[in-house]
Amino acid sequence: RFKNIKYGIAKLLFFLPDNVMLRIQYYIILHRWPNLTTPKRFSEWIQWYKMFYHKATMLDCTDKFKVRQYVKNKGCGDCLNELYQVCDNAAEIDFDSLPGSFVVKTTDGGNGDNVAIIKNKKNIDYHNLRKKVDSWKNKKYYIISREWAYKGANDSKIIVEKYLESEENSDGSIDDYKFLCFDGKFRYLWVDKNRYSDHRRGFWDENLSFLEHVESDHPTFDIAPQLPDNIREMIHVAETLSKGFPFVRVDLYNISGRIIFGELTFYPWSGYVKFSPDSFDYQLGLLFNKNG
């Protein structure tokens, strides 16, 4: 409900230019005014990124279906999750042909929204699911976030993919590896574990040293988990997919040694993030090259 209220307010303020809307949002969330003329913090650079860096390729990279071709063109097609169906509307979803578990999402969703995880299709109400999925289409979340890379999302489709799970975590969630890449080079990694129970998030630097004192919006690990044996291969995939952008977060999964592509994100947290220590915000900001 809070997101719907926020979306409604943002629609009323659609007439505000990006530089005004983003400054207001930044102040409301982080309680300080951003420096967008000469950004120093990572959180400020992300606002600058929204306003001034507009590369056409980004529009396809944020579309959950079109990005698959981008990944293939980069030579990483083997990392794509299995795609069952692509539909223009929910009425076209052929549930009879689907396995017992699957994931339904719209191609223009973001921030974990617009995703239905079906673990057992025998337990779902098809009518309500179709109604819910159709309501997600073409919501134009750009109105809220002013994230330029989502502005071109005018052709929202529905995709159905394989449901990924892991036996390693008690809650059935899969570890999420997020590579922060600047100018095509991996600089930091964060890992999310146990997303559905005791959600922990930890950060590693480019030397794969665990940063035990760095936190964002989830507590870090008491003991650093072991990274996958093929972590260097994952870094290679992340750097390959990130080339050509000043900054992009490359999300990958690793299930029994198989690397699976998640998504490309240009605006993590939409830039509204509080790091502990606060100096980490500046540390990331130093890596941002607006001419990249």
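Residues numbered from 1 in each chain as written. Predicted model: local features only at pLDDT ≥ 70, side-chain atom pairs only at ≥ 80, totals over all residues. Heavy atoms only, no water.

*Asks:* Which residues make up the sheet that holds strand 9 (residues 258-265), and what values go with them?
*Replies:* Across the sheet, which stays open at both edges, the 5 strands sit in the order 7-6-5-8-9 with antiparallel pairing between neighbours. Taken across any chain shown, the strands that pair with only one partner, and hence form the sheet edges, are strand 7 (200-205) and strand 9. On average, each strand axis in the sheet is inclined to that of its neighbour by 25°, with strand direction left out of account. Examined bridge by bridge, strand 6 (residues 185-193) and strand 7 share 6 bridges and lie antiparallel to one another. Counterpart to K193 in the pairing with strand 7 is R200. (Pairing = 2+ DSSP bridges. Helix = DSSP H or I, 4+ residues; strand = E, 2+ residues; numbered from the N terminus. Axes fitted to C-alpha atoms, helices over the stretch in contact; angles between N-to-C directions.)

*Asks:* Can you break down the pattern of salt bridges residue by residue, with the values?
*Replies:* Under the counting rule described, the total for this entry stands at 21 salt bridges. The partner of R195 in a salt bridge is D176, with the nearest N and O atoms 3.2 Å apart. Of this pair, R195 sits in the loop between strand 6 and strand 7 while D176 sits in strand 5 (residues 176-182); the two residues are 19 residues apart in sequence, bridging distant segments of the chain. Take D176: its relative accessible area is 6%, and that puts it in the buried class. (Salt bridge = Lys/Arg side-chain N within 4 Å of Asp/Glu carboxyl O. Buried < 20%, exposed > 50% of the residue type's maximum accessible area, 1.4 Å probe, protein only.)

*Asks:* Run through a nonpolar patch on the surface, naming residues and quoting values.
*Replies:* The grouping of V20, I24, Y27, I28, I29 and W33 at the surface amounts to a nonpolar patch, some 550 Å² of accessible area in total. With respect to the helices and strands, I24 occurs in helix 2 (residues 18-30). (Patch = residues over 30% accessible without salt bridge, like charges linked within 9 Å, V, L, I, M, F, W, Y side chains within 5 Å. Areas by Shrake-Rupley, 256 points an atom, 1.4 Å probe, with all protein chains shown as cover.)

*Asks:* Provide a residue-level description of the nonpolar core, including the pertinent values.
*Replies:* Counting 56 residues, the largest nonpolar core has Y49 and F179 as the members making the most contacts within it. At 6 residues, helix 8 (residues 231-242) tops the list of elements feeding residues into this core. Apart from the residues within four sequence positions on either side, F179 is in contact with F186, Y188, L189, I231, M234, I235, A238, V248, R249, V250 and L252. Counting 15 residues, the second-largest nonpolar core is a separate cluster that includes L98, F102, I118 and V160. (Core = buried A, V, L, I, M, F, W, Y, C linked by side-chain atoms within 4.5 Å. Contact = heavy atoms within 4.5 Å.)

*Asks:* Describe the sheet that holds strand 1 (residues 83-87), with residues and values.
*Replies:* The 4 strands lie next to each other as 1-4-2-3, forming an open sheet whose pairing is antiparallel. In the strand order of this sheet, the two ends are held by strand 1 and strand 3 (115-118), each with one partner. Geometrically, the sheet is characterised by an average inter-axis angle of 15° between neighbouring strands, direction not taken into account. The pairing of strand 2 (residues 102-106) with strand 4 (residues 158-161) spans 4 bridges and is classified as antiparallel.

*Asks:* How would you summarise the environment of Y49 if you had to cite specific residues and measurements?
*Replies:* With respect to the helices and strands, Y49 occurs in helix 3 (residues 42-52). Residues Y49 and G271, spaced 222 residues apart in sequence, show a C-alpha to C-alpha distance of 9.6 Å. In contact with Y49, not counting residues within four places along its chain, are H54, M58, F245, P246, F247, F266, Y267 and F288.

*Asks:* Quick one: what's the story with helix 5 (residues 66-73), residue by residue and with numbers?
*Replies:* Three or more residues of helix 5 are buried, namely V67, R68, Y70 and V71. End-on view of helix 5: buried residues confined to an arc of 160°, all on one side of the axis. Packing partners of the buried residues in helix 5 comprise helix 4 (57-61), strand 1, strand 4, helix 8 and strand 9. Positive backbone phi, approximately 85°, marks G75, located one or two places after helix 5. (Arc of directions from axis to C-beta.)

*Asks:* Talk me through the packing of helix 2 against helix 3; I want residue IDs and the actual numbers.
*Replies:* Put simply, helix 2 and helix 3 touch, their axes get as near as 10 Å, and they point 155° apart. Viewed along their axes, helix 2 and helix 3 adopt a mutual orientation that is roughly antiparallel. Considering how the two elements wind past one another, helix 2 and helix 3 form a crossing that is right-handed. Contact residues: helix 2 offers D18, N19, L22, Y26 and L30, while helix 3 offers S43, E44, Q47, K50 and M51. Residues belonging to the contact of helix 2 with helix 3 are distributed by class as follows: 4 nonpolar, 3 polar and 3 charged. (Parallel < 35°, antiparallel > 145°, perpendicular 65-115°, else oblique. Left-handed = near helix turned anticlockwise from the far one by under 90°. Nonpolar A, V, L, I, M, F, W, Y, C, P; charged D, E, K, R; others polar.)

*Asks:* How would you sum up the pairing of strand 4? Please name residues and give values.
*Replies:* One face of the sheet, then the other: side chains in a regular strand alternate in exactly this way. On strand 4, burial covers both faces: I158 and V160 on one face and I159 and E161 on the other are all buried. Summarising the sheet, strand 1 and strand 4 pair through 4 bridges and their orientation is antiparallel. Counted as the bridge partner of C87 is I158 from strand 4.

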